[in-house]
Amino acid sequence: MSSHTAGGPTPGATTGTGITTGTTTGTSTSATEAAAVATGPEGPAPAKTPPPAPGTAALPGVPTALTSRARTLAAAVLSRCSDLVAIESPSGDAERLNCLAEELAAGFRATGAEAKRVPGPAGDHLVLEWAGQDESLPHLLLVGHHDTVWPVGTLADWPLEEEAGLLSGPGVLDMKAGLALLEGAMALLADLGQRPHRTVRLVVVADEEVGSPDGRKLFERHLPGAAAVVGLEPPHPDGRVKTARRGSTRVRLSVTGREAHSGNAAGQGVSAVDELVDQLVVVRGLAGLPGTELNAGRITGGSRANVVAGRAEAELGLRFATAEAQQRTLDNLEHLTALRPGARVRTEVLSSRPAWPERSGNPLLRHVRSLAAVLGQHLDGAPAGGAGDTNLAGARGLPTLDGLGAVGAGAHARTEHIDTTQLAPRIALLAALLAVPLPRLRS
């Protein structure tokens, strides 16, 4: 077992220079050698090669050179995961998020990206772009985030740790490993003398874990004209990618009452806490409607035991199976009325993502599945319970997949980890997705 340094750098420090291309120890494969693997008489016997996916001739060496180079890069990607986790970046901590944004920008620039930092109220977002072989084609849009749910200091009592093929630590799965994987995939293509087939654009938002209230606007600006949208969130624990997501909305329910002495003048007061409790019972009934789920995530109120509470509030997390369920429930919440004379109730939507429904056919999934087969991998997809920024694309009907990040489990829990044995397959799959022409995805 190996344990990595827990403390991490102070804000403003950087941890490394990204994934260096062309210098990894072991046998490097040039573009010429890769082409020989694909077409020359010394290459693998055709009988041992999986049937080619449409368009894979555009990437020399599928699958041999690609998978071989991915294996040699896996150690560098693993190290990069550790570097990124060492920079703690909780949502809302602009200083630390900006430190990580600069580190990410430097790493992606080293793979040929143009990087731009976009200021946000809770930390800078990033927009990265790689030139493609055919600049006339619509861009491939990728999305990720660099904020985590973990507060500063988590590394002190939960250090990054690698054991038995698993790397655990705060934010490693969700989703710093996904960003490291993309850096590795771009480094792999550079090593093979390749560029993405079309322009690749990556938006990394700083506020995804709180619903992307600001990052959403940036991401949506890059949706028009996109050929397809791919999310770098982790897949299902068994490796299946995500083909649909439930809608989600964060709501603040605020109650104003009237303070009074709870012993001498209780009748003159109006308890905001009591009103909130009763309102939550009403809200729980609304959440019982088909396709709706509720989590009362945070409740605050009152000041002290001998004062009738003048204020109280709850932050609610709602998830929806369909757009109809989402609209119906939010309409009902907006029209809540006070149950006590003198109390006031206010509903405020903090962030919202529309439901991304599963669609039949899904040619993007078929394409990625065929690329995986060429690489000797088995891949499938399934809907996911959680929401993410890909909801914004999928809900519009754009060809969308999520879960192309690192395989693992335990997101948002102390069991969070990635499977290090799956880094190389994911690097190869991402590189193939970037380099191989996309099929026709929309009628």
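For the structure, see preceding data.
Residues numbered from 1 in each chain as written. Predicted model: local features only at pLDDT ≥ 70, side-chain atom pairs only at ≥ 80, totals over all residues. Heavy atoms only, no water.

Draft legend 1. Seen up close, helix α7 (residues 272–287). Taking 1.5 Å per residue as the helical rise, α7 with its 16 residues ought to reach 22 Å, and the 22 Å between its terminal C-alpha atoms agrees with that figure. Between a side-chain oxygen at the N-terminus of α7 and the backbone nitrogen of V273 the separation is 3.3 Å; the capping residue is S271. (Helix = DSSP H or I, 4+ residues; strand = E, 2+ residues; numbered from the N terminus. Expected span 1.5 Å × (residues − 1). Polar contact = N/O pair within 3.5 Å; in protein donor to acceptor, adjacent residues only side chain to side chain.)

Draft legend 2. Highlighting the packing of aromatic side chains. A complete count under the given rule lists two aromatic pairs for this structure. Ring geometry for F108 and W130: centres 5.6 Å apart, planes at 90 degrees, overall edge-to-face. Of this pair, F108 sits in helix α3 (residues 94–109) while W130 sits in strand β3 (residues 125–130); the two residues are 22 residues apart in sequence, bridging distant segments of the chain. The class for W130 is buried, based on a relative accessible area of 2%. Judged by centre distance (5.0 Å) and plane angle (75 degrees), the ring pair of W150 and W158 falls under edge-to-face. Under the relative-accessibility criterion, W158 is labelled buried at 9%. (Phe/Tyr/Trp six-rings, centres within 6.5 Å; stacked < 30°, edge-to-face > 60°. Buried < 20%, exposed > 50% of the residue type's maximum accessible area, 1.4 Å probe, protein only.)

Draft legend 3. Structural detail: the layout of surface pockets. There is about 820 Å³ of room inside the largest pocket. Considering each element in turn, the lining of the largest pocket owes the most residues, five residues, to strand β12 (residues 311–320). A per-class count over the lining of the largest pocket returns 12 nonpolar, 14 polar and 11 charged. (1 Å grid on protein atoms, 1.4 Å probe; cavity = no way out; pocket = protein on both sides within 12 Å on 5 of 7 lines; lining within 4 Å. Points joined across faces, edges and corners; volume = space filled by probe spheres on them. Nonpolar A, V, L, I, M, F, W, Y, C, P; charged D, E, K, R; others polar.)

Draft legend 4. Spatial organisation of the side chain of D214. Relative to the elements of secondary structure, D214 occurs in the loop between β7 (200–205) and α6 (215–221). With relative accessibility at 16%, the residue D214 sits in the buried group. Dropping the residues within four chain positions of it, D214 is found in contact with P119, G120, P121, H125 and D207. (Contact = heavy atoms within 4.5 Å.)

Draft legend 5. How the structure looks around the pairing of strand β2 (residues 114–118). Here β2 pairs with β3 via five bridges, running antiparallel. Looking across to β3, one finds that E114 is bridged to E129. Hairpin connection, β2 to β3: the antiparallel pair is bridged by six residues, and G123 has positive phi, about 135 degrees. (Pairing = 2+ DSSP bridges.)

Draft legend 6. Quick peek at the packing of helix α2 (residues 64–86) against helix α5 (residues 172–191). Packing of α2 against α5 brings their axes to within 8 Å, and their N-to-C directions diverge by 140 degrees. In this view, α2 runs oblique relative to α5, as classed from their interaxial angle. Remark: the crossing between α2 and α5 carries right-handed chirality. For the pair formed by α2 and α5, the contact residues are L66, R69, A70, L73, V77, R80, C81, L84 and V85 on the first element and V172, K176, A177, L179, A180, L181, E183, G184, A187, L188 and D191 on the second. When the residues that make up the contact of α2 with α5 are grouped by side-chain class, the tally is 14 nonpolar, one polar and five charged. (Axes fitted to C-alpha atoms, helices over the stretch in contact; angles between N-to-C directions. Parallel < 35°, antiparallel > 145°, perpendicular 65-115°, else oblique. Left-handed = near helix turned anticlockwise from the far one by under 90°.)

Draft legend 7. The sheet that holds β3, seen in detail. Strand order in this open sheet of six strands is β2-β3-β7-β4-β8-β15, and the pairing throughout is mixed. Looking along the sheet, the strands with just one partner apiece sit at the ends: β2 and β15 (400–401). Both strand β8 (residues 228–231) and β15 contribute to a ladder of two bridges, which runs parallel. Each bridged residue has a counterpart across the sheet, and for V229 the counterpart in β15 is T400.

Draft legend 8. Looking closely at the pairing of strand β10 (residues 247–256). Taking burial as the measure, the 10 residues of β10 include eight buried ones, the bulk of the element. Examined bridge by bridge, β10 and β12 share 10 bridges and lie antiparallel to one another. What sits directly across from S254, in β12, is E313. Here β10 runs beside strand β13 (residues 344–353); their pairing, made up of nine bridges, is antiparallel. Note that in β13 the partner of L253 across the bridge is T347.

Draft legend 9. Quick peek at unusual backbone geometry. Looking along the chain, the bond that leaves D174 and enters M175 is cis, with omega of -5 degrees. Residue position: M175 is located in helix α5. One non-glycine residue, N362, lies in the positive phi region at around 55 degrees. Of note, the phi angle at H412 is positive, near 70 degrees, even though the residue is not glycine. Looking at the secondary structure, you find H412 in the loop between β16 (408–409) and β17 (417–419). A relative accessible area of 44% places H412 in the partly exposed class.

Draft legend 10. Representation of the nonpolar core. In this structure, W130, L188, L202 and I418 are the most contacted members of the largest nonpolar core, which totals 73 residues. The leading source of residues in this core is α5, at 13 residues. Among all residues touching L202, those that are not within four sequence positions of it are F108, L126, V127, L128, W130, L142, V143, G144, L182 and L232. In terms of nonpolar packing, the next biggest core, distinct from the first, is built from 18 residues, V255, L330, L333 and L336 among them. (Core = buried A, V, L, I, M, F, W, Y, C linked by side-chain atoms within 4.5 Å.)

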